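# Fold and geometry: a report
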Amino acid sequence: MTDLERQLQGYRLTTAEILYHLPDHPGLLQTFVWQKLDLAPRYPELQRFLDFWSHHIDGRLHSVRVASTGVVRPSELRNCAAEFRLH
């Protein structure tokens, strides 16, 4: 499925700011930014990524902040009846 098809089915551009503890220095926090098309409000892609993180990456999660917006809105998508090209 292409990104445009996903957006037309309700997928939204989702950005997650992930704060995690450094494995060698647990008192320090590091930031990781994740961005992908995902379905709000359940965010299955983000959930899969966070499950992978918690099982395979040493840095323990501190917090996750999520923002999401629709990239293509129905009012911005129109059919074109004709196309004219000038050379």
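Presented here is a report on the structure given in the accompanying data block. Since this is a predicted model, take the numbers as computed values, not measurements.

Calculation criteria
Residues numbered from 1 in each chain as written. Predicted model: local features only at pLDDT ≥ 70, side-chain atom pairs only at ≥ 80, totals over all residues. Heavy atoms only, no water. Helix = DSSP H or I, 4+ residues; strand = E, 2+ residues; numbered from the N terminus. Polar contact = N/O pair within 3.5 Å; in protein donor to acceptor, adjacent residues only side chain to side chain. Contact = heavy atoms within 4.5 Å. Core = buried A, V, L, I, M, F, W, Y, C linked by side-chain atoms within 4.5 Å. Buried < 20%, exposed > 50% of the residue type's maximum accessible area, 1.4 Å probe, protein only. Expected span 1.5 Å × (residues − 1). Arc of directions from axis to C-beta.

For the rest of this paragraph, the subject is the side chain of His 21. Summarising the element assignment, His 21 is placed in strand β1 (residues 12-21). A polar contact of 2.8 Å, which involves the side chain of His 21, links it to the backbone oxygen of Pro 26. What His 21 contacts, discounting residues up to four positions off in sequence, is Pro 26, Leu 28, Leu 29, Gly 59, Arg 60, Leu 61 and His 62.

A word on the nonpolar core. Counting nine residues, the largest nonpolar core is built from Ala 16, Ile 18, Tyr 20, Trp 34, Tyr 43, Leu 46, Phe 49, Leu 50 and Trp 53. A per-element tally of this core places helix α2 (residues 44-56) first, with four residues. In this structure Leu 46 touches Ala 16, Trp 34, Asp 38 and Val 66, once residues within four positions along its chain are discounted.

Taking 1.5 Å of rise per residue, the 13 residues of α2 would be expected to cover 18 Å, and the 18 Å separating its terminal C-alpha atoms lies within 8% of that figure. Among all positions of α2, only Glu 45, Leu 46, Phe 49, Leu 50 and Trp 53 are buried. Each buried residue of α2 sits inside an arc of 130° when the element is viewed along its axis, so together they form one side. The outward face of α2, more than 90 degrees from its buried face, is lined by the exposed residues Arg 48, His 55 and His 56. Buried-residue contacts for α2 involve α1 (3-8), β1, β2 (29-38) and β3 (61-69).

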